[in-house]
Amino acid sequence: MYLKVRVIENRSIGHPAQGIFRLVLSGQAAKIAKPGQFLHIQVSDTYDPLLRRPLSIAGIDKNKEEITIYYKLLGRGTDLLTHFKENDYLSIMGPLGSEFTVPQQGELLLIAGGIGIFPLYSLIQAIDQEKVKIHLLWGGENIDFLESADLKYLVNSGVNVKISTMDGSLGHKGLVTDLLQEMVQDSSMIALRCNNLVSAACGPKGMLKATAEICLNNDIPLEVSLEERMACGIGACLGCVCTVRGADGTVKRKRVCKEGPVFRAKEVVWDAEC
Amino acid sequence: MRNVDMRTELGELILRNPVVTSSGTYGFGEEYAPYCPVSILGGITVKGITPLPRLGNPVPRLAETPSGLLNSVGLENPGLVEFRNSYLPKLALLDTAVIVNISGFSPDDYTLLASSFQKKDTGIAALEVNISCPNIKHGGMAFGTNPRSAEEVIEAVKKNTDLPVIAKLSPNVTDIVEMAKAVESGGADIISLINTLLGMSIDIQTQKPLLANKMGGLSGPAVRPVAVRMVYQVYEAVGLPIVGMGGISTWQDAVEFMLAGASAVSIGTVNFVNPLAPVDILNGIEEYCLKKGYRSVREIVGLAHE
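Since this is a predicted model, take the numbers as computed values, not measurements. (Residues numbered from 1 in each chain as written. Chains lettered and ligands numbered in written order. Predicted model: local features only at pLDDT ≥ 70, side-chain atom pairs only at ≥ 80, totals over all residues. Heavy atoms only, no water.)

Chemist: Whenever I open this one, unusual backbone geometry confuses me. Can you help?
Modeler: Residues A:D48 and A:P49 are joined by a peptide bond in cis, for which omega reads 5 degrees. By the element assignment, A:P49 lies in the loop between β3 (38–42) and β4 (53–56). In the segment running from B:V59 into B:P60, the intervening peptide bond is cis, with an omega of 0 degrees. Its place among the elements puts B:P60 in the loop between β4 (43–45) and β5 (62–65). Not every positive phi belongs to a glycine, and A:D219 is a case in point at roughly 55 degrees. Positionally, A:D219 belongs in the loop between α8 (205–217) and β13 (222–225). Taking the relative accessible area as the measure of exposure, A:D219 reaches 62% and is therefore exposed. Of note, the phi angle at B:K214 is positive, near 70 degrees, even though the residue is not glycine. Inspection of the secondary structure puts B:K214 in the loop between β13 (208–209) and β14 (215–219). (Helix = DSSP H or I, 4+ residues; strand = E, 2+ residues; numbered from the N terminus. Buried < 20%, exposed > 50% of the residue type's maximum accessible area, 1.4 Å probe, protein only.)

Here you go:
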């Protein structure tokens, strides 16, 4: 879809210094959006900055026809986006890209690094927690960031949350992958694995690579949501590719905007030398 | 009442209107189909094809610059065989003129590519010869910056295909007119210009180039005045019809190129922002002609010249 959508809400949430915003958009795109997909948003009606901004969908309300997006103020594009007010209209393309698999029963392990939590929110929302038990490992810089990125929502949502922070201000001091390593070595893991354990992750590339290694070494199926600099958002320009290894062993490119952003971790080549 | 004749003549290549899309920005025609019906367009130019498949360059391949975009895709494409087997049959079904863009690393490559596309291949309207890609280490732009090699490449292509041959020129030269004359001598039927301008962007935090390939091709509104100037110069110097491109984002931009001497305009980077830009541009050109009292869009070509 390529259309103008109305802004219902666009405001800073949590600690202002963290620069986290929640953007709620009205429109039919919510009817067809799936967890893991993104919207390609035009932040300026001039040609500087030129390109649209791909932002992952964090919440989908099909009945109210609303899509929720969280974003962190990082550069000119996100700065311009903060200026849109309630009842303004934004030009979007989307929903675009591939989606997370939504398990119908068993155990779901989510691993998030920083703002990588945002697309995972849409997956959590799509899960029937009566049938699927969600375990979330989430790492961030500090407690202020985690609170701003809506930790309270997670705690209230019934998800089993484990936290790590770089400065030790909340949870384990260190990396989220420390938590993952600890978890796969714990005896309780056996029960989870007997109950169809699958996993999904989003975060910085280094964190995803480490996560993929641990999950694949332990036979836990993993989907990852990748990020890459993007132009067209629909597979035409080949700007945002990632490298994958096909079943026959050959190395290929896939488009993060089209075949992705969600990929099976076992096909991703993390340190492509080409 | 709409009564402007929008048909566009580029020698023997006749387009229903002067608005085409640029190679490398429009995939293989199917990506934009849900957003902009191809039947509206004068034509589309598909992603550059090389004899063998190419993975292209590593990422990051993109860097945004003021009103512009640097890219270093590096000619990622499925290769000649796969293109002919999997993409060409679908392209043949599109209700628009399909221009196939070819790219090589040696004159032999261009000979092979040219001989693989003929008029009897239904669905192909013309060949655009990329002698100007800035994103590959050997060949590519080298042909496009040396007049003698450019002439040889175009000659090789002309000898091996009966399709109209479009020579796509690089702006990364001291004298664009010299290049235009060289491809004219080589037998080109049409000239398209400009390809991207070689550029670079450095991240001041990491203190390293933003593109994995270090340098890339600049496109978008930022390059437009350079492109207009080159179209104007080439129109004065050679008699071949011109497809003008380089940062065209609005109908006003397109009209500017036509006044400079372009018989058709090619729409590239702006598609990424506004997938309906080609339609807006087409309607705007028609409206302009109507208001100014022209009965044919062909009448405005080159009007900026004495």
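Chemist: What should I look at first to understand the packing of aromatic side chains in this one?
Modeler: In this description, a pair of aromatic rings is defined by centroid distance and the angle of the planes. Going through the model one piece at a time under the given rule, you end up with twelve aromatic pairs over all chains. Measuring from ring centre to ring centre gives 5.8 Å for B:F28 and B:F83, while their planes differ by 40 degrees; the resulting arrangement is tilted. You can see B:F28 sitting in the loop between β3 (19–21) and β4 and its partner B:F83 sitting in helix α1 (residues 80–92), a full 55 residues away along the chain. Feature note: the residues A:Y70, A:F118, A:Y121 and A:Y153 constitute an aromatic cluster, connected by ring pairs. (Phe/Tyr/Trp six-rings, centres within 6.5 Å; stacked < 30°, edge-to-face > 60°.)

Chemist: So what exactly am I meant to see when it comes to the nonpolar core here?
Modeler: Where a protein is soluble and globular, its nonpolar side chains tend to be buried together. By size, the foremost hydrophobic cluster in this structure holds 126 residues, and its most contacted members are A:I111, A:V224, B:F117, B:L193 and B:I285. No other element matches helix α9 (residues 277–292) of chain B, which puts seven residues into this core. Here A:I111 is in contact with A:L120, A:L137, A:V176, A:L180, A:S199, A:A200, A:A201, A:C202, A:M207, A:T211, A:C215 and A:L222, once residues within four sequence places are set aside. Membership of the second largest hydrophobic core comes to 29 residues, among which are A:F118, A:I124, A:V132 and A:L136. (Core = buried A, V, L, I, M, F, W, Y, C linked by side-chain atoms within 4.5 Å. Contact = heavy atoms within 4.5 Å.)

Chemist: I'm lost on empty space enclosed by the protein in this one. Help?
Modeler: The probe, sized like a water molecule, is rolled over the atoms to show the empty space still left. Residues and elements named next belong to chain B. Within the structure shown, the criterion is met by four cavities of 30 Å³ or more. If you add up the space inside the largest cavity, you get close to 530 Å³. Taken together, 37 residues make up the lining of the largest cavity; nearest its centre are S23, T25, N71, N195 and T196. Of all the secondary-structure elements, those providing two or more residues to the lining of the largest cavity are β6 (68–71), β14 and α8 (270–273). Of the residues in the lining of the largest cavity, the class split is 15 nonpolar, 20 polar and two charged. One number sums up the size of the second largest cavity: a volume of about 40 Å³. The wall of the second largest cavity is formed by V20, T21, T45, I99, E128, I166, V243, M245 and S266. Only β3 and β15 (242–245) provide two or more residues apiece to the lining of the second largest cavity. Taken together, the residues of the lining of the second largest cavity sort by class into five nonpolar, three polar and one charged. (1 Å grid on protein atoms, 1.4 Å probe; cavity = no way out; pocket = protein on both sides within 12 Å on 5 of 7 lines; lining within 4 Å. Points joined across faces, edges and corners; volume = space filled by probe spheres on them. Nonpolar A, V, L, I, M, F, W, Y, C, P; charged D, E, K, R; others polar.)

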